[in-house]
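Letter by letter, the chains look like this.
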Amino acid sequence: MPGLFLIVLLLLAALPVYRPGYKVILVSSILMYVILTVSWVIFSGTTGYLSLAPAAFFGVGMYTAAVLGMALPLPVVVVLGGLASSCLAFLVGAVTLRLRGIYFAIFTFGLVEFIKNLLLWWEIERTGTRGRFVVLVDNNTIYYVMLAILVMTVLTAYFIRRSRYGLALQSIGEDEEAAVHAGINVTALKIVTFAISAVFMGAAGAIWATQLTYIDPYIAFNLNYSFMPVLMAIFGGIGQPYGPILGAAVVAYLREILITEFPYQYMLLLGIILLVAILFLPNGLVGLVERARRRAFGGQRANT
Amino acid sequence: MPILEGEGVTKHFGGLAAVSSVDFKVDEGEVVGLIGPNGAGKTTLFNLISGALAPQEGTIRLNGQDITGSSPHKICRMGLARTFQSVKVFPNIPVPANVMLGSLFGTPNRVSSADAAGETAELLEFVGLTAVGATPAKDLTLANQKRVEVARALATKPELLLLDELMAGLNHTEIAEALELVARIRERGISILMIEHIMKAIMSACDRIMVLHHGEKIAEGTPQEIAASKKVIEVYLGE
Ligand SMILES: Nc1ncnc2c1ncn2[C@@H]1O[C@H](COP(=O)(O)OP(=O)(O)O)[C@@H](O)[C@H]1O
Ligand SMILES: [Mg+2]
């Protein structure tokens, strides 16, 4: 698996050289969704706490770029976008991660709407305009920054998953009361992991904003950025580490195609495709791949 | 100094006094039984001791340190481990990793993965689970899931172990094995506080027994004293 990842990475790194222009931005948007999905899975996929906050963290990253983009070098802006989101996640986590289940999901959902409206009010009060222009960055730079964030996201997800903390996060998802009684500081672990996952969402938002060139609160804090990672993760399957990557890449690509081919019906079509997939692929694409793999190895079923 | 000591411990759920003003203690090396009819407040008392719930009144001390209202992970790292009446294993996690979590997180000092793996192997052998390999815990029988819970609790290196109805739902052979396991845990120098309904088991395993009824402690003494107590007999016959 790491070998395959490396090959895909090398191909991606070479892409701007042999496919300049539109394709670079298309692939950047796919990478952006992979980042959102993989970082969402770092926290929600393991603990089972359904976070609908990605749009909040992504949006904070975008606004970091809008506010600081002209003043500071791009890498600093991207890092600050990640840190700002992470701070927000830390605060939100400290307040809400004592809430169980559905309350947490509703709170994170409300958070996105709250920030959007607060910002809207602030912008109109203070600046008299709704939106902001973001510093221009050339497409290849956007692409490589996105790719770098993606590599860090995937590596972080991989190392957390392999570590004792990955096991502890899984145990929280399976039985939180047993976990805390086994000595796991569940509150601290949840808050820190939530904050770590937000770093990548914020960083991705900061670089993505430069591609949009103009943002306003509706664009930056669009709830689609919260729902898409959840759907992409489920579509890919969270049973295997590559599931969310695959799910995000496939759905993001489909989305791009549908938008260009059917600009008015694309949401409907995407919705239908996702519904069918969720109904008929209980373990997502991962389930399909694993079944095919088992068949290929002729009957010697992996004992899972 | 007793290893565990409670004074006036009280917990109400709305109007219901689940545990009211209960005093208790467990001395070092002792095995103490906690009995009482269903709904007497036994599990609630365990929840108060382990930190799952905070008492409204009273204090609880572990090794002389006040643990009243502390969080369960802190209490666990201070040397108190427990099992649950409705068994709580991590269903999709392989049995060894279930146990290893206790080693990795349940002690005050950082334990290396290699040491945790070693302790896990030793404990799986101790509770008789070597043969199950890396099976997810959900695929085990109830008796074996209870062994996983005990092993995970032991992995946190407790000085005091709370067992909530370890033998409920087990057959005769399994009960005998569980009793023998309790005896071997005691040999490791671990004190035990156990809730049990099976009288024969509790009479043979315990040095001392406490009886709860409607949240109050109504009797305490040696197994012989408890078996002869009129009050206790009335409570059980009254059910
Ligand atoms: N979390 C809770 N909320 C409300 N009532 C509870 C809760 N836990 C226990 N009780 C009630 O407290 C009483 C004691 O319960 P419990 O401690 O489980 O008894 P036991 O373990 O002795 O059978 C019961 O009446 C039970 O319904
Ligand atoms: Mg009980």
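It should be emphasised that the depicted structure is a prediction, and the values quoted were computed from it without experimental measurement.

Calculation notes
Residues numbered from 1 in each chain as written. Chains lettered and ligands numbered in written order. Predicted model: local features only at pLDDT ≥ 70, side-chain atom pairs only at ≥ 80, totals over all residues. Heavy atoms only, no water. Core = buried A, V, L, I, M, F, W, Y, C linked by side-chain atoms within 4.5 Å. Buried < 20%, exposed > 50% of the residue type's maximum accessible area, 1.4 Å probe, protein only. Helix = DSSP H or I, 4+ residues; strand = E, 2+ residues; numbered from the N terminus. Contact = heavy atoms within 4.5 Å. Buried area = accessible area lost by both parts, 1.4 Å probe. Salt bridge = Lys/Arg side-chain N within 4 Å of Asp/Glu carboxyl O. Polar contact = N/O pair within 3.5 Å; in protein donor to acceptor, adjacent residues only side chain to side chain. Nonpolar A, V, L, I, M, F, W, Y, C, P; charged D, E, K, R; others polar. Domains from an automatic or database assignment. Near = heavy atom within 4 Å. Areas by Shrake-Rupley, 256 points an atom, 1.4 Å probe, with all protein chains shown as cover. Donors = N, O, S within 2.8 Å, 3.2 Å for Na, K, Ca; no water. Pairing = 2+ DSSP bridges. Axes fitted to C-alpha atoms, helices over the stretch in contact; angles between N-to-C directions. Phe/Tyr/Trp six-rings, centres within 6.5 Å; stacked < 30°, edge-to-face > 60°.

**Thoughts on the nonpolar core**
In globular proteins that are soluble, nonpolar side chains generally tend to be buried together. Residue and element names in this part refer to chain A. In this structure, Phe57, Phe194 and Tyr225 are the most contacted members of the largest nonpolar core, which totals 104 residues. In terms of residue count, the dominant contributor to this core is helix 2 (residues 22-47) (15 residues). If sequence neighbours within four positions are ignored, phenylalanine 57 has contacts with Ser85, Leu88, Ala89, Phe194, Ala198, Met201 and Gly202.

**Let's talk about the interface of chain A and chain B**
Each partner contributes to the interface: chain A provides 18 residues, whereas chain B provides 27 residues. A combined buried area of about 2,000 Å² lies between chain A and chain B, and 64% of that area is made up of carbon and sulfur atoms. Between the two partners, chain A and chain B, sit 2 salt bridges. Measuring nitrogen to oxygen at the nearest pair gives 3.7 Å for the salt bridge that ties Asp175(A) to Lys88(B). Where chain A meets chain B, there are 7 residue pairs in polar contact (both at pLDDT 80 or more). Mapped by element, the contributors of at least two residues to the side of chain A that touches chain B are helix 7 (164-174) and helix 8 (176-181) of chain A. Here the side of chain A that touches chain B gets 7 residues from one element, more than from any other, and that element is helix 7 of chain A. Class assignment of the residues belonging to the side of chain A that touches chain B gives a composition of 8 nonpolar, 6 polar and 4 charged.

**Quick notes on the domain arrangement of chain B**
Residue and element names in this part refer to chain B. Each domain of chain B was delimited in the assignment, giving domain 1 (1-79 + 158-239) and domain 2 (86-157). Computed over C-alpha atoms, the centres of domain 1 and domain 2 are 23 Å apart. At the junction of the two partners, domain 1 supplies 20 residues and domain 2 supplies 17 residues. Together domain 1 and domain 2 conceal approximately 1,500 Å² of surface at their shared face, both sides included; 63% is due to carbon and sulfur atoms. Across the salt bridge formed by glutamate 177 and arginine 147, the nearest N and O atoms sit 2.7 Å from each other. Remark: the boundary between domain 1 and domain 2 carries 7 residue pairs in polar contact (both at pLDDT 80 or more). Broken down by secondary-structure element, the contributors of at least two residues to the side of domain 1 that touches domain 2 are helix 2 (72-77), strand 7 (160-164) and helix 6 (172-187). Looking at the side of domain 1 that touches domain 2 element by element, the count peaks at 5 residues for helix 6. Its residues assigned to classes, the side of domain 1 that touches domain 2 shows 11 nonpolar, 2 polar and 7 charged.

**Details of the site of ligand 1**
Residues and elements named next belong to chain B. Around ligand 1 sit Phe13, Leu16, Ala18, Pro37, Asn38, Gly39, Ala40, Gly41, Lys42, Thr43 and Thr44, and those are all the residues in its vicinity. At a separation of 2.9 Å, an oxygen atom of ligand 1 approaches a polar backbone atom of glycine 41. At 2.8 Å from an oxygen atom of ligand 1 is found a side-chain nitrogen or oxygen belonging to lysine 42. Protein coverage of the free-state accessible area of ligand 1, which is 560 Å², stands at 60%. Of all elements in the fold, only strand 2 (16-26) and helix 1 (42-50) reach the threshold of two or more residues within the shell around ligand 1. No other element matches the 3 residues that helix 1 contributes to the shell around ligand 1.

**A short note on the coordination of the magnesium ion (ligand 2)**
Of the protein atoms, only Thr43(B) (OG1) and Gln85(B) (OE1) coordinate the magnesium ion (ligand 2), at distances of 2.0 to 2.1 Å. Taken together, the residues span a long stretch of sequence, with Thr43(B) in helix 1 and Gln85(B) in the loop between strand 6 (80-82) and helix 3 (95-105) at a distance of 42 residues.

**Remarks on the pattern of salt bridges**
Residue and element names in this part refer to chain B. Scanning all chains against the criterion turns up 20 salt bridges over all chains. Of the charged contacts in the structure, one is a salt bridge between aspartate 207 and arginine 186, with a shortest N-O distance of 2.5 Å. In this pair, aspartate 207 sits in the loop between helix 7 (199-205) and strand 9 (208-213) while arginine 186 sits in helix 6, placing the two residues 21 residues apart along the sequence. Taken together, the shared-partner salt bridges connect Glu30, Arg208, Lys217 and Glu220 into one network.

**A closer look at the sheet that holds strand 9 of chain B**
Residue and element names in this part refer to chain B. What the 6 strands build is an open sheet, ordered 6-7-8-3-9-10; its pairing is mixed. Every interior strand has two partners, whereas the edge strands, strand 6 and strand 10 (216-221), have only one. Here the strands of the sheet are splayed against their neighbours by 20° on average, with no regard to which way each runs. Direction of pairing for strand 6 relative to strand 7: parallel, over a ladder of 3 bridges. Paired with arginine 82 across the bridge in strand 7 is leucine 162. Sheet strands in contact with helix 1 are strand 3 (31-35), strand 6, strand 7, strand 8 (191-195) and strand 9, and its direction is about 145° off that of strand 8.

**A closer look at the packing of aromatic side chains**
Residue and element names in this part refer to chain A. The tally for this structure, following the rule as stated, stands at 13 aromatic pairs over all chains. On the basis of an interplanar angle of 55° and a centroid distance of 6.1 Å, the ring pair of phenylalanine 43 and phenylalanine 104 is categorised as tilted. Highlighted residues: phenylalanine 43 in helix 2 and phenylalanine 104 in helix 5 (residues 101-126), separated in sequence by 61 residues. A residue is classified by how much of its surface remains accessible, and phenylalanine 43, at 1% relative accessible area, is buried. With a centroid separation of 6.0 Å and 25° between ring planes, the pair formed by tyrosine 63 and phenylalanine 221 is classed as stacked. Highlighted residues: tyrosine 63 in helix 3 (residues 54-68) and phenylalanine 221 in the loop between helix 10 (217-220) and helix 11 (224-236), separated in sequence by 158 residues. No difference in accessibility class separates tyrosine 63 from phenylalanine 221, as the two residues are buried.

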